[in-house]
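# Examining the three-dimensional arrangement
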Amino acid sequence: MPEDSQKSGCCAPDGGSGEKRLGWREYFMSVAHLISRRATCTRGHIGAVIVRDNNILSTGYNGAPSGLPHCNETNCRIYRSVHPDGTVEENCVNTIHAEINAIAQAAKHGVSIKDADIYITASPCIHCLKVLINVGIRNIYYDKPYKIEHISELLRLSGIKLVRVHVENI
Ligand SMILES: [Zn+2]
Ligand SMILES: [Zn+2]
């Protein structure tokens, strides 16, 4: 048997691919990115994964409520709102955000998500953050920053942690 037989092929520590094994955080964030590809709101594709003890409890992506027309079949319906700092926000009235859909899926199936973490492909809006606090999420891992200045005070007051996990090539 060749001397380097343990270093290549399926039995090698890296599966023979030469690639470094994914860490848990990168693994769950990669799953969140994959899930975002099911999103239907044309304004943005977001995925979310709720995790505890390295197990996936629930997932969600942004889109219309079940059975209703999705934005990619009709059109986004945009509404504008003004944040207290004066910045104008635009959101789609058809769409449930990915993290709320993940919470809804857990509720529908009776899965407790207390003390879990959530991985989201973008940092949460202030409305979703309020709900994440109340369902007992401990850590929020996000990839792309989205108006973090709007949630900084709520993060500080709540003690919930927001940590960036960036993954490439998804
Ligand atoms: Zn939309
Ligand atoms: Zn949101």
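Note that this is a predicted model, so its numbers are computed, not measured. (Residues numbered from 1 in each chain as written. Chains lettered and ligands numbered in written order. Predicted model: local features only at pLDDT ≥ 70, side-chain atom pairs only at ≥ 80, totals over all residues.)

### Re the overall build of the protein
- Across its full length, the protein carries four helices and seven strands.
- Along its sequence from the N terminus, the protein presents helices and strands in the succession α-β-β-β-β-α-β-α-β-α-β.
- Among the 170 residues that make up the protein, the fraction classed as buried is 30%. (Helix = DSSP H or I, 4+ residues; strand = E, 2+ residues; numbered from the N terminus. Buried ≥ 20, exposed ≤ 12 C-beta atoms within 10 Å, placed from the backbone.)

### Brief notes about the environment of Ile133
- As for its position among the elements, Ile133 is in helix α3 (residues 126-134).
- The partly exposed category is assigned to Ile133, around which 16 C-beta atoms lie within 10 Å.
- In sequence terms Ile133 and Gly159 are 26 residues apart; their C-alpha atoms lie 9.1 Å from each other.

### Comments concerning the sheet that holds strand β1 (residues 47-52)
- Across the sheet, five strands lie side by side as β2-β1-β5-β6-β7; this open sheet has mixed pairing. In this open sheet, the two strands that pair with only one neighbour each are β2 (55-61) and β7 (161-164). Sheet twist, expressed as the average angle between the axes of neighbouring strands with direction ignored, equals 20°.
- Relative to strand β5 (residues 117-122), β1 runs antiparallel, the two being bridged by four bridges. Each residue of the ladder has a partner; that of Ala48, found in β5, is Ile120. (Pairing = 2+ DSSP bridges. Axes fitted to C-alpha atoms, helices over the stretch in contact; angles between N-to-C directions.)

### What to know about the nonpolar core
- Grouped together as the largest cluster of nonpolar side chains are 33 residues, with contacts concentrated most on Ala32, Ala48, Val49, Ile118, Tyr119 and Ile120.
- Secondary structure elements with two or more residues in this core: α1 (24-36), β1, α2 (98-108), β5, α3 and β6 (139-144).
- Setting aside chain neighbours within four positions, we find Tyr119 in contact with Phe28, Met29, Ala32, Ala48, Val49, Val51 and Tyr141. (Core = buried A, V, L, I, M, F, W, Y, C linked by C-beta atoms within 7 Å. Contact = placed C-beta atoms within 7 Å.)

### Quick notes on the packing of α2 against α3
- Put simply, α2 and α3 touch, their axes get as near as 9 Å, and they point 30° apart. When the interaxial angle is binned, α2 and α3 end up roughly parallel. When you trace α2 past α3, the crossing you get is left-handed. Packed against α2, whose contacting residues are Glu99, Ile100 and Ile103, the element α3 presents Cys128, Val131 and Leu132 at the interface.
- Residue classes in the contact of α2 with α3 are distributed as five nonpolar, no polar and one charged. (Parallel < 35°, antiparallel > 145°, perpendicular 65-115°, else oblique. Left-handed = near helix turned anticlockwise from the far one by under 90°. Nonpolar A, V, L, I, M, F, W, Y, C, P; charged D, E, K, R; others polar.)

### Observations concerning α1
- Between its first and last C-alpha atoms α1 spans 18 Å; for 13 residues at 1.5 Å apiece the expected length is 18 Å, and the two agree.
- All of the buried residues in α1 are Phe28, Met29, Ser30, Ala32, Ile35 and Ser36.
- Buried residues along α1 sit against β1, β2, β5 and β6. (Expected span 1.5 Å × (residues − 1).)

### Section: the pairing of β2
- Here six bridges tie β1 to β2, and the two strands are oriented antiparallel to one another. Bridge pairing in β2 places Ile50 opposite Ser58.
- In this structure, the hairpin formed by β1 and β2 is closed by a connection of two residues, where Asp53 is found at a positive phi of approximately 50°.

### Some points on unusual backbone geometry
- Phi is positive for Asp53, close to 50°, though the residue is something other than glycine.
- Mapped onto the elements, Asp53 comes out in the loop between β1 and β2.
- One non-glycine residue, Asp115, lies in positive phi territory at about 65°.
- Position of Asp115 relative to the elements: it lies in the loop between α2 and β5.

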